[in-house]
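Single-letter residue listing:
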Amino acid sequence: MATQKTKCIGVLTSGGDAPGMNAAIRAVTRSAICNGFKVKGIYRGYDGLMAGEIKEFTTEDVSNIIQRGGTILRTARSKEFMTVEGKTKAYQQLKKHGIDALVVIGGNGSLAGARELAEMFDYTCIGLPGTIDNDLYGTDSTIGYDTTMNTIVECVDKIRDTAQSHERIFFVEVMGRDAGFLAQNSAIAAGAEAAIIPEYRTDDDQLAKFMERGIRKSKKSCIVIVSESPKCGAMYYAKRMMKEYPEFDVRVSILGHLQRGGSPTAHDRILASRLGVGAVTAILQGQRNVMVGMHQDNVVYVPFSEAVSREKPISPELIKVLNELSI
Ligand code: F6P
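On a predicted model such as this, the values are computed, not experimentally measured, just so you know.

Moving on, we come to the site of the ligand. Residues in contact with the ligand, as listed here, are Arg77, Ile132, Asp133, Met175, Gly176, Arg177, Glu228, His257 and Arg260. Within the side chain of glutamate 228, an N or O atom sits 2.5 Å from an oxygen atom of the ligand. Isolated, the ligand exposes 400 Å² of accessible area, and the fraction of that covered by the protein chains is 75%. Here the shell around the ligand is built from residues that sort into two nonpolar, two polar and five charged.

Moving on to the sheet that holds strand E1 (residues 8-13). What the seven strands build is an open sheet, ordered E3-E2-E1-E4-E5-E10-E11; its pairing is mixed. On the outer flanks of this sheet lie strand E3 (54-56) and strand E11 (298-303), each paired with one strand and no other. Taken pair by pair, the neighbouring strands of this sheet meet at an average axis angle of 25 degrees, ignoring direction. Both E1 and strand E2 (residues 38-42) contribute to a ladder of four bridges, which runs parallel.

At their nearest, the axes of helix H3 (residues 84-96) and helix H4 (residues 108-121) sit 10 Å apart, and the two run at 75 degrees to each other. Viewed along their axes, H3 and H4 adopt a mutual orientation that is roughly perpendicular. Contacts between H3 and H4 involve Val84, Lys87, Thr88, Ala90, Tyr91 and Leu94 on the former and, on the latter, Glu116, Leu117, Met120 and Phe121. When grouped by side-chain class, the residues that make up the contact of H3 with H4 number seven nonpolar, one polar and two charged.

Moving on to the nonpolar core. Membership of the largest hydrophobic core comes to 59 residues, with the highest contact counts inside it found for Val103, Leu128, Ile223 and Ile225. Dropping the residues within four chain positions of it, valine 103 is found in contact with Ile9, Gly10, Val11, Leu12, Val28, Ile126, Leu128, Ala279 and Ile283. With 27 residues, the next largest nonpolar core counts Tyr46, Leu49, Leu111 and Phe121 among its residues.

Running from N to C, helix H1 (residues 21-34) and helix H9 (residues 266-284) cross one another at 35 degrees; their axes reach a closest spacing of 7 Å. Seen along the crossing, H1 lies across H9 with a hand that is right-handed. Between H1, through Ala23, Ala24, Ala27, Val28, Ser31 and Ala32, and H9, the contact on the second element is made entirely by Arg269, Ala272, Ser273, Gly276, Val277 and Val280. Here the contact of H1 with H9 is composed, by residue class, of eight nonpolar, three polar and one charged.

In total, this model carries zero disulfides according to the counting rule given. Here cysteine 125 stays unpaired: no disulfide links it, and the sulfur of cysteine 8, its closest cysteine neighbor, is 14 Å away. Between cysteine 155, a cysteine without a disulfide, and cysteine 222, which holds the nearest cysteine sulfur, the sulfur-to-sulfur distance is 18 Å. Given the relative accessible area of 18%, cysteine 155 is considered buried.

What follows deals with the pairing of strand E8 (residues 222-227). Of all six residues that make up E8, six are buried, and the element is covered over most of its length. Residues Cys222, Val224 and Val226 of E8 are buried on one face, and the alternating residues Ile223, Ile225 and Ser227, pointing to the opposite face, are buried as well. Across six bridges, strand E6 (residues 168-174) lies against E8 in parallel orientation. Directly across from isoleucine 169, in E8, lies its bridge partner cysteine 222. Summarising the sheet, strand E7 (residues 194-196) and E8 pair through three bridges and their orientation is parallel. Counted as the bridge partner of alanine 194 is valine 224 from E8.

So, about the pattern of salt bridges. Should the charged atoms of two oppositely charged side chains come close, the side chains can pair. Applying the stated rule across the entire model yields 16 salt bridges. As a salt-bridge pair, arginine 288 and aspartate 122 come within 2.8 Å of each other at their nearest N and O atoms. Remark: aspartate 122 occurs in the loop between H4 and strand E5 (124-129) and arginine 288 occurs in the loop between H9 and strand E10 (290-295); sequence separation between them is 166 residues. By relative accessible area, which is 29% here, arginine 288 ends up partly exposed. A salt bridge links arginine 160 to glutamate 193; its shortest N-O distance comes to 3.8 Å. Remark: glutamate 193 occurs in the loop between helix H6 (181-190) and E7 and arginine 160 occurs in helix H5 (residues 145-166); sequence separation between them is 33 residues.

Quick look at unusual backbone geometry now. The residue arginine 74 is not glycine, and still its phi comes out positive at about 60 degrees. Within the secondary structure, arginine 74 sits in the loop between E3 and H3. On the basis of relative accessible area, arginine 74 is assigned to the partly exposed category, the value being 46%.

Here we come to the side chain of threonine 124. As for its position among the elements, threonine 124 is in strand E5. The exposure class of threonine 124 is buried, given its relative accessible area of 8%. Separated by 3.2 Å, the side chains of threonine 124 and arginine 288 make a polar contact.

What counts and how
Residues numbered from 1 in each chain as written. Predicted model: local features only at pLDDT ≥ 70, side-chain atom pairs only at ≥ 80, totals over all residues. Heavy atoms only, no water. Near = heavy atom within 4 Å. Polar contact = N/O pair within 3.5 Å; in protein donor to acceptor, adjacent residues only side chain to side chain. Areas by Shrake-Rupley, 256 points an atom, 1.4 Å probe, with all protein chains shown as cover. Nonpolar A, V, L, I, M, F, W, Y, C, P; charged D, E, K, R; others polar. Pairing = 2+ DSSP bridges. Helix = DSSP H or I, 4+ residues; strand = E, 2+ residues; numbered from the N terminus. Axes fitted to C-alpha atoms, helices over the stretch in contact; angles between N-to-C directions. Parallel < 35°, antiparallel > 145°, perpendicular 65-115°, else oblique. Contact = heavy atoms within 4.5 Å. Core = buried A, V, L, I, M, F, W, Y, C linked by side-chain atoms within 4.5 Å. Buried < 20%, exposed > 50% of the residue type's maximum accessible area, 1.4 Å probe, protein only. Left-handed = near helix turned anticlockwise from the far one by under 90°. Disulfide = S-S within 2.5 Å. Salt bridge = Lys/Arg side-chain N within 4 Å of Asp/Glu carboxyl O.

This is the structure we're talking about:
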């Protein structure tokens, strides 16, 4: 049963799309309807909210989408919403459309926006962690991360075939913005020789170290996964290698936006479904301004203040695993 106060829930996706966002939209919609709420889908993230691009959703509106990548609600990175005027516009649209609680599916910036909206207008916002980067504190995994990991591993397996055949060194650049989860864990899963991540940004000595470790022994080919970075991404390291170790044949592969597409894995579909139901449960319980996360297989509620501002550390154990197994 819907609480007395909240009768209608709005749902939007914001920021970079992530596989599993559709499964989350479906879960929020169906769970809300199941519990007596009206649901309104808001298109194009905060931009669409400010413009009033809003439609009431039935259970049929979210049929046949659990398996689809991207987001049926579409998404945007809104500059205007970051301003006071933008948030005021958004709040006015929420009032106009009778939406008394908002579920935002997105990454760090999107949930930070939800937090500001909630605080400015004493309004109920619930966040779902939807980003391939896995960089939100308080949840073991974010929606989309597992699918992207699998996509990267599939690509690296293919790159390794050609790397071995030609005895080449490949620097493979993956996404992650300021976080190295994708690079570190895909390196372990793909059996790569090294990962260069923002949290432990490698310097020249470290480059030399892994060269000695991997190449000077028995290996003739080598895969290094590099987190994207405006200054020291895969191209930067490839150039250094070519200069400092001219005896090696070096290539670069930047995986780019293919990492964000594709059908979500079973893991991401289940995660999105559980978190979506968790969002409606939170509203029923009268919770507000929390991110719904998953910790040790339990749905948890993390205050926005922690989810968006605390750093999610990479376990040093993951570094040790890669270092020991890539000899
Ligand atoms: O946050 C998800 C993400 O894919 C990051 O890994 C990446 O840095 C960024 O979005 C790219 O954003 P855009 O698609 O706007 O270029």
